[in-house]
Amino acid sequence: MATLTFERQKSFVEARLSVNGRFWVVSVLRGRRWIYLKAFKMTAQDVTNGIVDIERSPMDAVKKSVSVKDVARLAGVSEQTVSRTVHDSPSVRPETKERVRAAMRELGYRPNFAGRSLRRGKFKTVGVAMFNITGTGNLDRMEGFAAAADKHGYAITLTKVNGHPYTLESASSRMSTLPVDGMVVIMNRMPADFGTFEPLPGMQTVLVTMLEHPLCSTVDNDQFDCSRQVVEYLLGQGHKTVHFISCPERSLSGMQREEGWRETLRAHGIEPPRLVRGDWTAQSGYAAGQALADDPTCTAIYASNDAMAYGCIRGLESRGKRVPEDVSVVGVDDSLGEIVPDRRLTTVRFNNKRVGMWAVDKIAGAEGVAPGVEHMLIPGVLVKGDTVRDLR
């Protein structure tokens, strides 16, 4: 009969394996890396008498680590050839690589990336901190992170930002405990310490935001210019003003879109009409559309995202308004075109994949990326659908 028990101590974990009256005790250091310190074999009588017979336990108790030398011996090659195979060097013949990899699989060998990182001074990993993965644009940004990381031979470590308000310092502190060379923070909301944050030495930090930071590089879609494009387009189609369905005030991108709407109207000598506050959902857009349908001056509506724009259209229709014959509607993000079948919304398309790639390129030191702090804004593209009427 075999039993295995664990006892957690202050700085280590002790595992006890009992097999037919004989005991093996393994002390394991607790920390970022689990390191086997010792393994003692003893009998029940030894335990009772406090006597420990120092003898290595069998493989069943503590698995002996496999070295490059072991792989080289089994594959019949040099240790240097094993190392070159691990790095997929073109100088090793394909048949030799396959023989080495077969030996690695048979022995259960895994390269010591921690040791290699110490030698090279890099982990070849970028940390990403974000509020949620499924938020609009975040999946495309993740695609960009992954594509750039793959190009540079890097990996991505993902952490979730919790708490409101949150701080960049807390995100940086958490990343500092992980094997990463730099971090990307997707700033959907304003951190409490944005103006005072200082990145840790050696922890290159890129913030995904339109806001400029004196010590961190930033990159984002140009939210202000997005609104400028929409308002200029609608005014150019003969509309006298543009009504706006905004978003929750905690959203940084939404607030930039709102500012762009206001400033562009004022640049044309038009006082912005009262906005309608939404919450990113189609339901809030539906309510806004119903409210704006009662305004006889409303011929053009700009919604801060596509979900609210489509909801707005249904709200207008519920009040007997036709789109675009009576009211024109424009959204942002071009995220629902393949989901809504009966119309093509006029909207603004963002290149979120490019945002993600730029952030990782910056940390990985890609060719063509300037050193030091940079601020990159990537303009959106106006996509004309069938929801805007030309009143000229």
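Definitions and cut-offs
Residues numbered from 1 in each chain as written. Predicted model: local features only at pLDDT ≥ 70, side-chain atom pairs only at ≥ 80, totals over all residues. Heavy atoms only, no water. Buried < 20%, exposed > 50% of the residue type's maximum accessible area, 1.4 Å probe, protein only. Helix = DSSP H or I, 4+ residues; strand = E, 2+ residues; numbered from the N terminus. Pairing = 2+ DSSP bridges. Disulfide = S-S within 2.5 Å. Arc of directions from axis to C-beta. Contact = heavy atoms within 4.5 Å. Axes fitted to C-alpha atoms, helices over the stretch in contact; angles between N-to-C directions.

Participant: So what about the pairing of strand 7 (residues 182-186)? Which residues, and what values?
Facilitator: Most of strand 7 is tucked away: 5 of the 5 residues are buried. Burial along strand 7 is two-sided: Gly182, Val184 and Ile186 facing one way and Met183 and Val185 facing the other are all buried. By the bridge criterion, 4 bridges tie strand 5 (residues 125-130) to strand 7 in an arrangement that is parallel. Each bridged residue has a counterpart across the sheet, and for Val126 the counterpart in strand 7 is Gly182. Pairing of strand 7 with strand 8 (residues 204-208) involves 5 bridges; the strand directions are parallel. For Gly182, the partnering residue across the bridge sits in strand 8 and is Gln204.

Participant: So, the state of the cysteines: which residues are in play, and what are the values?
Facilitator: With the rule as written, the count across this model stands at 0 disulfides. Distance from the sulfur of Cys298, which forms no disulfide, to the nearest cysteine sulfur (Cys312) is 7.4 Å.

Participant: Hey, could you go over helix 2 (residues 68-75) for me, with residue numbers and the actual values?
Facilitator: Every buried residue belonging to helix 2 is among Val71, Ala72 and Ala75, and all of these are buried. Buried residues of helix 2, seen end-on, are gathered within an arc of 100° and therefore sit on one face of the element. Tucked inside the fold, the buried residues of helix 2 contact helix 3 (79-86) and helix 4 (94-107). Backbone geometry just downstream of helix 2 places Gly76 in the positive-phi region, at approximately 75°.

Participant: Which residues make up the sheet that holds strand 15 (residues 375-378), and what values do they have?
Facilitator: An order of 6-5-7-8-9-15 is seen for the 6 strands of this open sheet, with the pairing classed as parallel. Among the strands making up the open sheet, the edge pair consists of strand 6 (155-160) and strand 15. On average, adjacent strands in this sheet sit at an angle of 20° to one another, irrespective of strand direction. Packing against the sheet, helix 7 (residues 168-176) makes contact with strand 5, strand 6, strand 7 and strand 8, and its axis sits at approximately 140° to strand 7.

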